[in-house]
Amino acid sequence: MQPPRGVADGVGGWRAYGIDPGEFSFHLMRTCERLVKLGRFTPTNPSDLLAKSYYELLHHKKAVLGSSTACVVLLNKENCTLYTANIGDSGFMVVRRGRVVRRSEEQQHYFNTPFQLSLPPPGYQQDVLSDRPDAAIADNFPVEDGDVILVATDGVFDNLPHSLIVNELVKVQGERCASRLQMVANSLAWMARNLSFDETFISPFAESAFANGINTIGGKPDDITVILATVAI
Amino acid sequence: MESNEEGDDFVPIEKFLKMDHLEQYVYRVLDYTSRYNNSNSYYYAPINLVGKYAKYPSYGDFPEAYFLRSYGNWWKKSEGYQLDYRPQDFDPSGAEDYITLEFESAVVPRDIFIYEIYNPGSVVRIWGKSLCAPKCSWVLLWEGPPQIYPHKSRIFHPQMRKVNCLLNTIRLEFNQSHLQYHCSIDAVLLAGYQPSTNLQYNMMVKGLVDSFQKKPEVRKIMSDHIFDADSGGRDLFLNLPYEVIIHIFQYLDLKSLSRCAQVNKMWNEASVDPVLYQNLSLKPYWYLVNCNTLEYFMNKSKTLKKLDLSWCGNDSIEFKEFVAVFLRKDLRLKYINQWFQPSMSNLNKLVSLDLTSTDIQDNDLMTILKANKNLKHIIIDLCENLVRLDQIVEVVEKYNKNLTTWSSWKTSSLTAEGAKHFANCPHLKELDLGWCLINTDPGNCLERIASGCRQLKRLILSEWRGLNDYLLMPVIMACKELTQLDLLGIKNISSDLCEMALLMLPKLRLLDISFCEFVRQEEVEIWRQRYPHITIQRSCQYVVNDYLN
């Protein structure tokens, strides 16, 4: 049984309410990890894992408040299937021999407002967008030995053009060496970061804004997390 | 279980049989008496003891470890607390809770390692359930007084009694009454010897390798000075009037009484007199009690007044059914502790009702409340099947005018509207609504409660995350009798409010402000010096990064 991989991206707007936006997403993923260690999950159902983790947060003595997008992928080696759950605009991408064979769908209420799990402070429930954990898109997909799996936050997908990501991922097709994987993960994160501060770059984010009638140019400075893995069966 | 195998002639079985050494962490949690979690949640839950440690060597209050609910003697000061009514059956180690753990493989136990990561020192007994014939029973492996230990995590490694039986079930008993705050355990590691072949295993289980051990001699029970039937032929003790003998026997614990019953016919007659069994506390003898013992006592004592069955028969369904039948017959019960059976609906003289962790449902509870108008203490902590608490509070308000204690800790269906009805219970002294209003706006319910319940001594509002200074103020202004105030996990409480509570509540002795993030630790330190008579609780988390873990 492979441990699941996941990213969660806290919603920054909470800073204005004195809430650390990283706290909710941190505890969400930590709790997922703990549930897996205790065997409290179904290996074919990462969205249930996400839901359990979310409801668990209420029982923490420390009031964990905030909201977050999340993406969890789980490889089941027995049937060579990747099980995924995604809520909001973080996501995953699977590359096989230079071609993207699967990627997650973005879930947005409207432009730049992704679906999100949230625990708002009591009294603010009406004012906050909150999607139930069962709104997560669950997917499963057969993988092959050597496939490259990228799980990342929107800071990566909004700043790196599709072709650039694929170009990088191709380099680690079938790679078993952790440090080479780490190098490519580093370069993806660095490129995303550099481009996010480039004010003249026509980023995927800018293109999407333009399609929504908003005239903007340049990258989108945002939190960037990259998880890179290859399938070894 | 009395036999002490650790004599000079004891030979550890691994010395003469080839066995494999094995170390294993907990595989499954079988049973427990204390929990801090809702049943569908794993934070703080017993299940965290399964597998390798998650937090050790970090020290503190972490949701990834098992957390016991009670600590210190605060709960003994509660109105509804039952004093020990049989001091002769007093447990010297004072065990208050236990947890039963199963390991994957049966071993002959040699070492146990208990990873204590918050307020260590509460383990007072370790039992093992022997798988070996002739007696598949509980064996005491270690016993010791509760320990005072510095605020550091530790691996507790007591020297266990050497026994040659196979076991895969361990029970830990805790006494937390000397601790300053909750204790928490991360993992338990059991080391011992495993039979290397199936044949060996089967021989051990059937008791066939037992012959190497010398059988312990039966100890002499009675001193010859008091009673010597052979030489004198006269039992001087029995010259005493019967009433005096009974009076003397009243001071004996149950074990001594049953020994006396074996002396002779006269002693037997006196020692089984029903007068001696009006009040029974079988908790210290849980490992000996079964349906037969209970039936014996029940028949013996038609005048039974008090009966404590805690810890007894927890692994037996028949036992529970037996007690249910008994309850149907006996309607004089006044106190019920952590037990529910539908047959209880016939009771009408209850004064105290503790249904902690039971699966009682709304209608049954309301029937009981309406029938028992004299109820003073209602404890329904962790009763997760109660989904109409608001309605239940209205029933209490109408029928149970003498209510002094209400505790519905970690139940989920109470609303701020429902909580307002406590304002009409003027005798209320203890109100535990911890974790009841986690994510709702409490509105002005505390203002109402404060104006109606002037005698409040204990108020527990843990995790009322919508609470703030303004909403809590009426309590501090009106409830001058308050001795315990629990504000655990309320993010928006300010230092000013805490200081006001310390200053304006003259009888305050306990203030829990753990996880109140706006209160700084430095301020707490100053208050602790300025108000030394008040215990200010504040839990900590010292994380030690253990990259090898």
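Every chain is numbered on its own, with residues counted from 1 as its sequence reads. Note on labels: chains are lettered from A, ligands numbered from 1, in written order. This being a predicted model, a pLDDT of at least 70 is required before a residue's local features are given, and a value of 80 or more before pairs of side-chain atoms are given or counted; all residues contribute to the totals for chains, interfaces and linings. With hydrogens and water stripped out, all remaining heavy atoms of the structure feed into the side-chain values.

The name an unreviewed UniProt entry assigns to chain B is F-box domain-containing protein, from the organism Aromia moschata.

Per an unreviewed UniProt entry, chain A goes by Protein phosphatase and derives from Aromia moschata. Turning to chain A, the UniProt annotation filed under Sequence similarities (unreviewed entry) states: "Belongs to the PP2C family." UniProt positions are given in the numbering used here, feature names are shortened, and annotations may be inferred rather than shown by experiment.

1. With respect to a nonpolar patch on the surface
The patch calculation keeps residues exceeding 30% relative accessible area without a salt bridge and links them within 9 Å when they carry like charges or within 5 Å when they are nonpolar (Val, Leu, Ile, Met, Phe, Trp, Tyr). Accessible areas in this description were obtained via Shrake-Rupley with a 1.4 Å probe; residue shielding takes into account the shown protein chains only. Salt bridge, as used here: a side-chain nitrogen of Lys or Arg that lies within 4 Å of a carboxyl oxygen of Asp or Glu. Among the surface-exposed residues, Leu199(B), Met203(B) and Leu208(B) lie close enough to one another that they form a single nonpolar patch of about 300 Å² accessible area. What counts as a helix is a DSSP run of H or I of at least four residues, what counts as a strand is a run of E of at least two, and both are numbered from the N terminus. As for its position among the elements, Met203(B) is in helix H2 (residues 198-205).

2. Examining unusual backbone geometry
In this chain, Tyr56(B) is followed by Pro57(B) through a cis amide linkage whose omega measures 5°. Mapping Pro57(B) onto the fold places it in the loop between strand S2 (28-32) and strand S3 (59-60). Phi at Cys80(A) is positive, roughly 50°, even though this residue is not glycine. Within the secondary structure, Cys80(A) is located in the loop between strand S2 (66-76) and strand S3 (81-87). Remark: exposure states derive from per-residue accessible area (1.4 Å probe, protein chains only) relative to the maximum for the residue type, with buried under 20%, exposed over 50%, and partly exposed in between. A relative accessible area of 23% means that Cys80(A) is categorised as partly exposed.

3. Section: the pairing of strand S11 (residues 226-230) of chain A
All names here are of chain A. Here S11 lies mainly inside the structure; 4 of its 5 residues are buried. Between any two strands, pairing holds if DSSP finds at least two bridges. As defined by bridge partners, strand S10 (residues 148-152) adjoins S11 across 5 bridges and the pair is classed as antiparallel. Looking across to S11, one finds that valine 148 is bridged to threonine 230.

4. Looking at the domain arrangement of chain B
All names here are of chain B. Per the domain assignment, the segments of chain B are domain 1 (13-205) and domain 2 (303-548). Residue contacts follow a heavy-atom distance rule, with two residues in contact if any of their heavy atoms lie within 4.5 Å. Opposite the 37 residues of domain 1 that make contact, domain 2 presents 39 residues. In short, buried area is how much 1.4 Å probe accessible area vanishes from two parts on joining, totalled over both. Overall, the association of domain 1 and domain 2 removes approximately 3,100 Å² of surface from exposure, summing both partners, and the carbon and sulfur fraction of that is 47%. Among the residues domain 1 hides against domain 2, the three largest losses belong to Arg69, Trp74 and Glu79. Together they make up 21% of the total. Here aspartate 381 ties to arginine 69 by a salt bridge, and the two come within 2.6 Å at their closest N and O atoms. N or O atoms closer than or at 3.5 Å make up a polar contact, with two conditions inside protein: a donor-capable atom paired with an acceptor-capable one, and, for residues adjacent in sequence, both atoms drawn from side chains. Across the domain 1-domain 2 interface, the total number found is 17 residue pairs in polar contact (both at pLDDT 80 or more). Broken down by secondary-structure element, the contributors of at least two residues to the side of domain 1 that touches domain 2 are S3 and strand S5 (97-118). In terms of residue count, the dominant contributor to the side of domain 1 that touches domain 2 is S5 (3 residues). Residues belonging to the side of domain 1 that touches domain 2 are distributed by class as follows: 15 nonpolar, 11 polar and 11 charged. Residue ranges for the domains trace back to a domain assignment, done automatically or taken from a database. Here the term charged refers only to Asp, Glu, Lys and Arg, the term nonpolar to Ala, Val, Leu, Ile, Met, Phe, Trp, Tyr, Cys and Pro, and the term polar to all other amino acids, Gly among them.

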